[in-house]
Amino acid sequence: MTNVSDCPLPRIILLLSGKRKCGKDFLADALLKRLGMEEAQIIRISEPIKRHWADWKGLHLDELLSDGAYKERYRKEMIEWSDARRQEDYGVFCRAACTTVDRPICIVSDIRRKTDVRYFRETYGPERIRTVRIEASEAIRAERGWQFQTSVDDVQSECDLDDYGPWDLLVRNEQADDVEGLLERLTKLVSS
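What this report covers is the structure whose coordinates are included nearby.

Rules used throughout
Residues numbered from 1 in each chain as written. Predicted model: local features only at pLDDT ≥ 70, side-chain atom pairs only at ≥ 80, totals over all residues. Heavy atoms only, no water. Helix = DSSP H or I, 4+ residues; strand = E, 2+ residues; numbered from the N terminus. Polar contact = N/O pair within 3.5 Å; in protein donor to acceptor, adjacent residues only side chain to side chain. Contact = heavy atoms within 4.5 Å. Core = buried A, V, L, I, M, F, W, Y, C linked by side-chain atoms within 4.5 Å. Buried < 20%, exposed > 50% of the residue type's maximum accessible area, 1.4 Å probe, protein only. Salt bridge = Lys/Arg side-chain N within 4 Å of Asp/Glu carboxyl O.

Further remarks concern the side chain of serine 109. Relative to the helices and strands, serine 109 is located in strand E3 (residues 105-111). At 3.2 Å, the side chain of serine 109 forms a polar contact with the side chain of aspartate 25. With near-sequence residues (within four places) excluded, serine 109 lies in contact with Leu16, Lys24, Asp25, Ala28, Ile42, Ile43 and Arg44.

The structure is reproduced here in C-alpha cells:
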C-alpha cells in the first residue's frame, strides 16, 4: 500500500462513476447532506485539474468547478492536458485531490478511469473502497443538458470504466422521485 499523508485514513472511500449528466455530483451532494459534514466530505479529482487550468489560463475557477457552459468551453483541452499528465504519473490528480481527506467517509464524485480506482485501492486498501456506477439513459441525460461531443464523450475520460466491474453498487438515476431510494442504498453501502 502506498504511503499516504499523516492524516487519519478514512473508514470508507466511496468512488462514484458515470457518464456526464448522470447525476454524480447531485447524488454526492445529497449524500453528503444526509451523512453530515462531520462524518463525510466530497473530493473531486477534477478540482486540481481545473485549479491548474484556471491559474494557467487566467480563468475563473468557480465557474470551471460549476456545471455550466463555461466549463464545457474548456473541457476538451482540459482532458487532453490532464491525459498527458497522467501518462507521466497516473495518480497525480488523485493524490492532489486527497490532500484534504480528513473525515471518516470520503465521497469521490468523479471517478473516470481504471487508474483512478487503482490509485484508491493501492493507496487506501481495497477494504475501504466502495465502487458505484450511476447510469442514466441518453434521453434523460439530454434533458439535463447533455449533448454528445466528439473528443469528449468518446474518449477515455468518459469511456474507460464502461467495461469495468463488478461494481459494489449499480444504480439508475432517472426518476426524480426515486432519489430517496438511491440515497438509502448509498447510505447502506457506506455503513457496511
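Here we take up the nonpolar core. One recurring pattern in soluble globular proteins is that nonpolar side chains are buried together. With 30 residues, the main nonpolar core has Ile13, Leu15, Ile43, Leu64, Val108, Ile111 and Phe120 as its most contacted residues. Put simply, the parts of the chain that give this core at least two residues each are strand E1 (12-18), helix H2 (46-57), helix H3 (61-65), helix H4 (69-88), helix H5 (92-97), E3 and helix H6 (114-124). Apart from residues lying up to four places away in sequence, leucine 15 is in contact with Val108, Ile111, Val117, Phe120, Ile129, Arg130, Thr131 and Val132.

One pass over the full model with this rule turns up 20 salt bridges. Where arginine 20 meets aspartate 153, a salt bridge forms, and the shortest distance between an N and an O atom there is 2.7 Å. Here the residue arginine 20 occupies a position in the loop between E1 and helix H1 (24-35), and aspartate 153 occupies one in the loop between helix H7 (138-143) and helix H8 (156-159), the gap between them amounting to 133 residues. For the salt bridge of arginine 113 with aspartate 83, the shortest nitrogen-to-oxygen distance reads 2.5 Å. Of the two residues, arginine 113 is situated in the loop between E3 and H6 and aspartate 83 in helix H4; the sequence distance between them amounts to 30 residues. You'll find arginine 113 and aspartate 83 in the same group, each marked buried. Connected through shared salt-bridge partners, Lys19, Arg133 and Asp162 make up one network.

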